[in-house]
Amino acid sequence: MRCFLLLLTLFLVVYPKITRAQEGNQALPDPFTFNNGKKVRSAQDWERRRKEILETLTREMYGTAPPRPKNMRFEVFDEDKQALGGKATRRQVTVRITEKGREARFDLLLYIPNRAKHPVAAIIGLNFIGNQAIHADPGIKLTTAWVENSRMFPCVADGKATEACRGVNASQWAVDSILARGYALVTLYREEVAADRKAQAFQTGVHTLYPELQQRDDNFGTVAAWAWALSRGMDYLEMDKDIDVKRVAVFGFSRLGKAALWAGATDKRFAAVLSNESGAGGGKQFRRGVGEDINRLVTVFPHWFARSFAKYKNKDTELPFDQHFVLSLIAPRPVYLATAEDDKNSDPQGEFSTARAADAVYRFLGTNGLPDSPFPALNQPLSGQIGFHIRPGGHDVKMFDWIQFLNFSDLHLQK
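Described in the following lines is the structure provided in the data block. (Residues numbered from 1 in each chain as written. Predicted model: local features only at pLDDT ≥ 70, side-chain atom pairs only at ≥ 80, totals over all residues. Heavy atoms only, no water.)

### Some remarks on the overall build of the chain
Heads up, the condition is: Strands are runs of DSSP state E lasting at least two residues, helices are runs of H or I lasting at least four, and both sets are numbered from the N terminus onward. We take the radius of gyration over the C-alpha atoms and set the globule estimate at 2.2 Å times the residue count to the 0.38 power. Relative accessible area decides the class of each residue, using a 1.4 Å probe on protein chains only: under 20% of the type maximum gives buried, over 50% gives exposed, and in between gives partly exposed. We call two residues in contact when some of their heavy atoms are within 4.5 Å. For accessible areas, the Shrake-Rupley method is used with a probe of radius 1.4 Å. Any residue's cover is judged against the shown protein chains and nothing else. In this count, Lys and Arg are taken as positive residues and Asp and Glu as negative ones, while His and the chain termini are left out. All charge positions are set by atom: Lys at NZ, Arg at CZ, Asp at CG, Glu at CD.
Within the chain, the secondary structure is distributed over eleven helices and twelve strands. A globule of 415 residues ought to have a C-alpha radius of gyration of about 22 Å, and the chain, at 21 Å, matches this closely. Looking at the chain as a whole, 59% of its 415 residues qualify as buried. Counted over contacts in the chain with a minimum sequence separation of 6, partners at least 24 positions apart contribute 68%. Accessible surface for the chain amounts to roughly 17000 Å². Of this, 53% is attributable to carbon and sulfur atoms. Of the charged side chains in the chain, 56 are positive and 47 negative; the average position of the first set lies 4 Å away from that of the second.

Next comes the structure, spelled out in structure tokens:
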């Protein structure tokens, strides 16, 4: 009888909040409605509905990933306990995966704060230019994978990183601040995992291990491969005595923010998700029809998502799901969406709308969700179990973003 009264009270308290949270989002698919039209009425119902949402997004958008590899090993090839002037222990690990005689490998770079009480919380994320780009530390191994030539990073010679590439992307990785807050930082390079070039798609990295997964409409897309590699990084962290694996957040920016969200959605071991300007296929709503759309995604970046997603080209408003479903898969774990005023492709209002639409699921699961607020002013973060901010400027990761991510992580991950 007591359990019944508790459930009844919870429903009466939460359901009105769900209704209010859905106001203004009537055109959005309802995460509480099963594919057969029935409604979620209990926590047990939600677990079944969550599984259904995961199956739908895998089949229709992100593609099918392989299970955890049986033949995987971790080789620690570098350890410096006095890195960065004694502030951190630097550890570098090669992840080797073997499948039917084929091998793929990628490197993890870890910085672990020396002054913090171990085991420590950690933040793991993919990087754009190679591990050596996040800090000028001469001890970081130069990636041997292909690196994109660009005006922003004129350190690349014939697609290869040079010594001049050390620290060129450090402004987006607040290494000193992360360590000072007591977090370890773990990063891996996207191109070592899977090619981010249309012409080379599915021909390098972990994709070479599973060619059979490309022979289907819900093929193993590149965003899914990056997310899968983040989970393999988590496999290693479970073995590292200096890391508290119950307190690991996954971080990503731009397309790698899409991967971070999907990693959080597919792997419950990630205790929190920090997504910076992940845009279409990440934090923003497709149905608003603002910013980057499905047509551009499947045309310019056809390797990012499964081939099945292409059938929604020019049908953004007809999707049987939207990105609040991804946040619903993360619920009730904390998630933070950050955006920027001039990042029109990422549609700041669309990212906020996604957070607002996911609030109902977070509240249904007993959290405080997203604070009840209109679209916030610049530099005025909202922080509940869902966090959000918009700052001035464009598509980038700034110190302001990291301060909010660390404040949010302190609330949810630090003891």
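### Focus: the packing of helix α6 (residues 222–237) against helix α7 (residues 255–266)
For clarity, the cut-off: Fitted lines through C-alpha atoms serve as axes, helices being fitted only where they are in contact, and the angles separating the N-to-C directions of these axes extend from 0 to 180 degrees. What sets the label is the angle itself: under 35 degrees gives roughly parallel, over 145 gives roughly antiparallel, 65 to 115 gives roughly perpendicular, and the rest give oblique. Crossing chirality is assigned from the near helix's rotation relative to the far helix, an anticlockwise turn below a right angle marking it left-handed and a clockwise turn marking it right-handed. Polar here means any residue outside two lists: the nonpolar Ala, Val, Leu, Ile, Met, Phe, Trp, Tyr, Cys and Pro, and the charged Asp, Glu, Lys and Arg; Gly therefore counts as polar.
It is the contact of α6 with α7, at a shortest axis distance of 8 Å, that shows an interaxial angle of 60°. Taken together, the axes of α6 and α7 lie oblique to each other. Between α6 and α7 lies a crossing whose hand is right-handed. Here Val223, Ala224, Trp226, Ala227 and Leu230 of α6 come into contact with α7, specifically with Arg255, Leu256, Lys258, Ala259, Ala260, Trp262 and Ala263. A class-by-class count of the residues in the contact of α6 with α7 yields ten nonpolar, no polar and two charged.

### Brief notes about the environment of Leu109
You can see Leu109 is positioned in strand β3 (residues 102–113). The sequence separation of Leu109 and Pro154 amounts to 45 residues, and the corresponding C-alpha distance is 23 Å. With sequence-adjacent residues up to four places away left out, Leu109 is seen in contact with Arg90, Arg91, Gln92, Asn131, Ile134, Ile140, Leu185, Val186 and Thr187.

### Digging into the sheet that holds strand β11 (residues 382–383)
As a reminder of what qualifies: Note on pairing: DSSP must find at least two bridges between two strands before they are called paired.
The mixed open sheet is built from ten strands, whose spatial order is β1-β2-β3-β7-β4-β8-β9-β10-β12-β11. Two strands bound the open sheet, and with one partner strand each, they are β1 (72–82) and β11. In the sheet, β3 pairs with strand β7 (residues 183–189) via three bridges, with the strands oriented antiparallel. Each residue of the ladder has a partner; that of Leu110, found in β7, is Val186. Taken strand by strand, helix α10 (residues 348–364) contacts β10 (335–340), β11 and β12 (386–391), and its axis lies near 170° from that of β12.

### Some remarks on the packing of aromatic side chains
Just so we agree on the cut-off: Side-chain rings of Phe, Tyr and Trp (the six-membered ring for Trp) are treated as a pair once their centres are within 6.5 Å; stacked means planes under 30 degrees apart, edge-to-face means over 60, and tilted covers the remaining angles.
Per the counting criterion, the structure on display carries 24 aromatic pairs. Between Phe32 and Trp46, the aromatic rings sit 5.9 Å apart at their centres with planes inclined by 50°, giving tilted as the arrangement. With Phe32 in the loop between α1 (2–22) and α2 (43–62) and Trp46 in helix α2, the pair connects residues that are 14 residues apart, well separated along the chain. For Phe32, a relative accessible area of 6% translates into the label buried. Judged by its relative accessible area of 1%, Trp46 falls in the buried class. Summarising the aromatic geometry, the rings of Phe74 and Tyr236 are spaced 5.5 Å apart at their centres and angled 65° between planes, so their arrangement reads as edge-to-face. Linking Phe74 in strand β1 with Tyr236 in helix α6, this pair joins segments that are 162 residues apart in sequence. A single burial state applies to Phe74 and to Tyr236, both of which are buried.

### Topic: unusual backbone geometry
For the peptide bond that leads from His118 to Pro119, omega is 0°, which places it in the cis range. When you line up the elements, Pro119 lands in the loop between β3 and β4 (120–127). Unlike most non-glycine residues, Ser254 shows phi in positive territory, near 60°. Secondary-structure assignment places Ser254 in the loop between β8 (243–253) and α7. A relative accessible area of 14% places Ser254 in the buried class.

### Quick notes on the nonpolar core
What tends to happen in soluble globular proteins is that the nonpolar side chains get buried as a cluster. To keep it simple, the criterion reads: The set of buried Ala, Val, Leu, Ile, Met, Phe, Trp, Tyr and Cys residues whose side-chain atoms join them within 4.5 Å is what this entry labels a nonpolar core.
The biggest cluster of nonpolar side chains holds 128 residues, and the ones touching the most others in it are Tyr111 and Phe309. The biggest single contributor to this core is α6, with eleven residues.

### Comments concerning α10
Here is the rule we go by: What a helix should span is 1.5 Å times the count of its residues minus one.
Its 17 residues place the ends of α10 25 Å apart at the C-alpha level, agreeing with the 24 Å of an ideal helix rising 1.5 Å per residue. By the criterion of burial, α10 is predominantly enclosed, with 16 of the 17 residues buried. A positive phi of about 95° marks Gly366, the residue just after α10.

### Examining the pattern of salt bridges
Threshold: We define a salt bridge as a side-chain nitrogen of Lys or Arg found within 4 Å of a carboxyl oxygen belonging to Asp or Glu.
Applying the stated rule across the entire model yields 39 salt bridges. Between Lys241 and Asp242 there is a salt bridge, with its nearest N and O atoms 3.8 Å apart. Asp242 sits in the buried class, given a relative accessible area of 10%. For the salt bridge of Arg391 with Asp401, the shortest nitrogen-to-oxygen distance reads 2.8 Å. Highlighted residues: Arg391 in strand β12 and Asp401 in helix α11 (residues 399–413), separated in sequence by ten residues. Exposure class is identical for Arg391 and Asp401. Each is buried. Each of Arg68, Arg232, Asp235, Glu238, Asp267 and Arg269 takes part in salt bridges that share partners, so that together they form one network.

### What about the side chain of Ser346?
Heads up, the rule is: Side-chain atoms alone can form a polar contact between residues adjacent in sequence; in general such a contact is a pair of N or O atoms within 3.5 Å, and within protein one must be able to donate a hydrogen while the other accepts it.
Tracing the backbone shows Ser346 in the loop between β10 and α10. Among the polar contacts made by the side chain of Ser346, one reaches the side chain of Asp343 at a distance of 2.8 Å. Beyond its immediate chain neighbours, meaning those up to four positions away, Ser346 contacts Glu277, Gly279, Lys284, Glu351 and His395.

### Describing the packing of α2 against α7
With their axes 11 Å apart at the nearest point, α2 and α7 run at an angle of 145° to one another. Crossing hand, α2 versus α7: left-handed. Residues Arg50, Leu54, Leu57, Thr58 and Tyr62 of α2 lie in contact with α7, whose contacting residues are Trp262, Ala265 and Thr266. Residues that form the contact of α2 with α7 fall into these classes: five nonpolar, two polar and one charged.

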